[in-house]
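Chains, contacts and geometry: an overview
Residue strings, one per chain:
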Amino acid sequence: MRTPHRMDMQDPPHDRTEHPHAPSEQPRNLHEQPRNPYDELAALDDGPLEETPLEDFLGEDTERRDEQEPQWAPPDHRRGGRRRRNRFAGLPLAMKAVVALVVLAAFVALGDRWAVLYAEHRAADTLKDRLDLAAAPEVEIGGFPFLTQLADKRLESVKVTVPDVAADRVSLAKVSATAHDIRLEADGLTSVRGAHVPRFDGDVLLSFEDLNRELGASQVTFTGEGRDRVRARGTLPVAGHDLRLRAEARIQRQGERGIATEIGGMRLDIGDLATYRPGTRPAEGLHLTPKGSADLSRETRKAKALLSVPAIVQRMGVPEATVREALADDGKLAELTGSPKFARQAERLNLIDLALDNPEVLRRLGLDPNLLDELSGLTRPVLADRLALAFELPKPEQGDVRLDDVRVEEDGIRVRVSGSGLTVGS
């Protein structure tokens, strides 16, 4: 039996050039002990390398970072930092005093304004109760500062505005007055018993909107016309007919505390047929319009009805022979009624005087006899009373109130008032 021996396996061809530092291979002795691999690694060490110790390396890097980075400190979250905390440190003492005075003055002014508002509210409530007003008036105390005026018991000015004041048949839209140099009767700063008003001035507004609602009943409207005139336009129901109303009111003072209205130019139009003007003068009463008289020349029936009444013919001044020819011949009738003279005479004829005795003739002309009866009772005073704008200021128990001027403006009638010696309260 053959002894087995190690057969070296043939390696594949490769570069067998040895590394200059590689250890030379020695034939191993089969009886030799295996080497410790750590010893072989130690044999490869040719000697210690010159290296920087770890502590020195790390220490050097630490020192470099210490030189480059600032030392850490907790952040300061206070607003403004140290510089803003002492923002006024560099200001002079005089400047600091001025700033302090300004701040103090602001607080004093604010407190003074609050005191004014409180006093105005109390005064408004007091006036509402004593004057029996529907709403509290607006009170505005003038002058500054208020507290020093109150301590001195004398106010520079007080303005009072009262809306919707009843005055006879109408309402005054606004009464505004300003009192000057008021002397107070007070015990201290919180107890005011009354006041003495040496003088005051103001104005009163009588608005057209209120007049239209209270006098016109939504059928008549009032508008300004010039400095002292008011124009009224609308409709007036009479005996079931809506007649067009036109009138003018002249505004004037009446005494020292009232205003009066003189109503003129009153007329009621019955369509295009006739016009009624209250009064007894020849131009007043019920008269045919130019269109109504012109219709007589085109409507034979109306012309014959008018000429058939002797009283009418006599008042018109038409000769009897001419009337007989016109009634017998339509050509003559058209010639008569179409003449300008006949038209003028027909327009001058007052139909009210003929309403009772000749109702049928008036009916043929297109007039309702019942309407004429109502118009006869609608005299000038009755119609003027419906449009009267007069009112009078109340007389105070003490002092004096008077009207200075009356003027018609776009929104109404404005009256300037003044007074003196008034006492409010005790």
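Residues numbered from 1 in each chain as written. Predicted model: local features only at pLDDT ≥ 70, side-chain atom pairs only at ≥ 80, totals over all residues. Heavy atoms only, no water.

**Regarding the overall build of the protein**
Put simply, the test is: Starting at the N terminus, helices and strands are each numbered in turn, a helix being any DSSP run of H or I of at least four residues and a strand any DSSP run of E of at least two. Only heavy atoms matter for contacts: two residues are in contact if any of them lie within 4.5 Å across the pair. Accessible surface is estimated by sampling points in the Shrake-Rupley manner with a 1.4 Å probe; for residues, cover comes only from the protein chains shown.
When its secondary structure is counted, the protein shows 15 helices and 13 strands. Within the protein, residue pairs in contact and separated by at least 24 positions form 52% of the contacts whose partners lie at least 6 positions apart. With an accessible surface of roughly 29,400 Å², the protein has 52% of that area assigned to carbon and sulfur atoms.

**Here we look at the pattern of salt bridges**
Put simply, the rule reads: Whenever Lys or Arg places a side-chain nitrogen within 4 Å of a carboxyl oxygen from Asp or Glu, that contact is recorded as a salt bridge. Burial classes: relative accessible area under 20% of the type maximum marks a residue as buried, over 50% as exposed, and values in between as partly exposed (1.4 Å probe, protein chains only).
Across all of its chains, the model carries 18 salt bridges by this definition. Across the salt bridge formed by Arg227 and Asp405, the nearest N and O atoms sit 3.1 Å from each other. Residue Arg227 is found in the loop between β5 (220–224) and β6 (229–238), and its partner Asp405 is found in strand β12 (residues 400–408); the two are separated by 178 residues along the sequence. Accessibility expressed as a relative area gives 41% for Arg227, which makes it partly exposed.

**Quick notes on helix α7 (residues 290–298)**
For clarity, the threshold we go by: The directions considered for the arc run from the helix axis to the C-beta atoms.
Residues of α7 that are buried: Gly292, Ser293, Asp295 and Leu296. The buried side chains of α7 occupy one side of the element, clustering within an arc of 150° when seen end-on. Counted as exposed and oriented over 90 degrees from the buried face of α7: Pro290 and Arg298. Where α7 is buried, its residues meet β10 (285–288), α8 (300–307), α11 (330–337) and α12 (340–348).

**Focus on the environment of Ala328**
Mapped onto the elements of the fold, Ala328 is located in helix α10 (residues 320–328). Residue classification places Ala328 among the exposed residues on the basis of a relative accessible area of 69%. For the pair Ala328 and Lys304, spaced 24 residues apart in sequence, the C-alpha to C-alpha distance is 10.0 Å.

**Brief notes about the confidence of the model for the protein**
Keep this limit in mind: Per-residue confidence from the predictor is reported as pLDDT, which spans 0 to 100.
The predicted model of the protein has a mean per-residue pLDDT of 76, with 74% of residues at 70 or higher. Here helix α3 (residues 81–85) stands out as the element of the protein with the lowest mean pLDDT, 50, in contrast to strand β9 (residues 274–277), whose mean of 92 is the highest. Confidence over residues 1–31 falls short of pLDDT 50; this stretch has one contact with residues more than four positions distant or in other chains.

**Some remarks on unusual backbone geometry**
Omega for the peptide link from Phe144 to Pro145 comes to -5°, which places this bond in the cis form. Of note, Asp181 is a non-glycine position whose phi angle comes to about 55°, a positive value. Topologically, Asp181 is positioned in strand β3 (residues 170–187). Look at Asp181 and you get partly exposed, because its relative accessible area is 34%.

**Some details on a nonpolar patch on the surface**
The following threshold applies: Only residues whose relative accessible area exceeds 30% and that take part in no salt bridge are eligible for patches, with like-charged residues grouped when within 9 Å of each other and nonpolar side chains (Val, Leu, Ile, Met, Phe, Trp, Tyr) grouped when within 5 Å.
On the surface, a cluster of nonpolar side chains totalling about 360 Å² of accessible area is made up of Leu110, Trp114 and Leu117. Positionally, Leu117 belongs in helix α4 (residues 93–130).

**Concerning the packing of α10 against α11**
As a reminder, the rule being used: The axes used here are C-alpha line fits, helices contributing only the stretch in contact, and every angle between their N-to-C directions lies in the interval 0 to 180 degrees. Here the angle decides the label: under 35 degrees means roughly parallel, over 145 means roughly antiparallel, 65 to 115 means roughly perpendicular, and every other value means oblique. Throughout, the ten residues Ala, Val, Leu, Ile, Met, Phe, Trp, Tyr, Cys and Pro are labelled nonpolar, Asp, Glu, Lys and Arg are labelled charged, and all others, Gly among them, are labelled polar.
Interhelical geometry of α10 versus α11 gives an angle of 125° and a closest axis separation of 5 Å. Classed by the angle they form, the pair α10 and α11 counts as oblique. Note on element contacts: α11 touches α10 through Asp330, Lys332, Leu333 and Leu336, opposite Thr322, Glu325, Ala326 and Ala328. Each residue belonging to the contact of α10 with α11 can be placed in one class, and the counts come to four nonpolar, one polar and three charged.

**Digging into the side chain of Thr261**
Inspection of the secondary structure puts Thr261 in strand β8 (residues 258–270). With a relative accessible area of 16%, Thr261 lands in the buried category. Among residues more than four places away in sequence, those in contact with Thr261 are Ala249, Arg250, Ile251, Ala388, Leu389 and Ala390.

**Concerning the side chain of Gln149**
Rule in force here: In protein, a polar contact means a hydrogen-donor-capable atom and an acceptor-capable atom, both N or O and within 3.5 Å, with residues adjacent in sequence counting only if both atoms are side-chain atoms; elsewhere, any N or O pair within 3.5 Å suffices.
By the element assignment, Gln149 lies in helix α5 (residues 146–152). At a separation of 3.4 Å, a polar atom in the side chain of Gln149 contacts the main-chain carbonyl oxygen of Gly142. A polar atom in the side chain of Gln149 sits 3.3 Å from the backbone oxygen of Pro145. When near neighbours in sequence (up to four residues on either side) are disregarded, Gln149 contacts Gly142, Gly143, Phe144, Arg154, Leu155 and Glu156.

**Notes on the environment of Glu335**
Among the structural elements, Glu335 can be located in helix α11. Taking the relative accessible area as the measure of exposure, Glu335 reaches 55% and is therefore exposed. Along the chain, Glu335 and Ser297 lie 38 residues apart, while their C-alpha atoms are 8.1 Å from each other.

**Focus on the packing of α7 against α12**
The description of two helices packed together rests on the angle between their axes and the distance between the axes. Applicable threshold: In this scheme, a crossing is called left-handed if the near helix is turned counterclockwise away from the far one by less than a right angle; it is called right-handed if the turn is clockwise.
Direction vectors running N to C along α7 and α12 enclose 130°, while the axes themselves pass 9 Å from each other. Judged by the inter-axis angle, α7 sits oblique to α12. Helix-helix and strand crossings are classified by hand; for α7 and α12 the assignment is right-handed. Residues Pro290, Ser293 and Leu296 of α7 form the contact with α12, whose participating residues are Phe342, Ala343, Ala346 and Glu347. For the contact of α7 with α12, the residue count by class is five nonpolar, one polar and one charged.

**Points about the environment of Val139**
Mapped onto the secondary structure, Val139 falls in strand β1 (residues 138–142). Separated by 17 residues in the primary sequence, Val139 and Arg122 place their C-alpha atoms 9.3 Å from one another. In contact with Val139, not counting residues within four places along its chain, are Glu120, Ala123, Ala124, Leu127, Val158, Lys159 and Val160.

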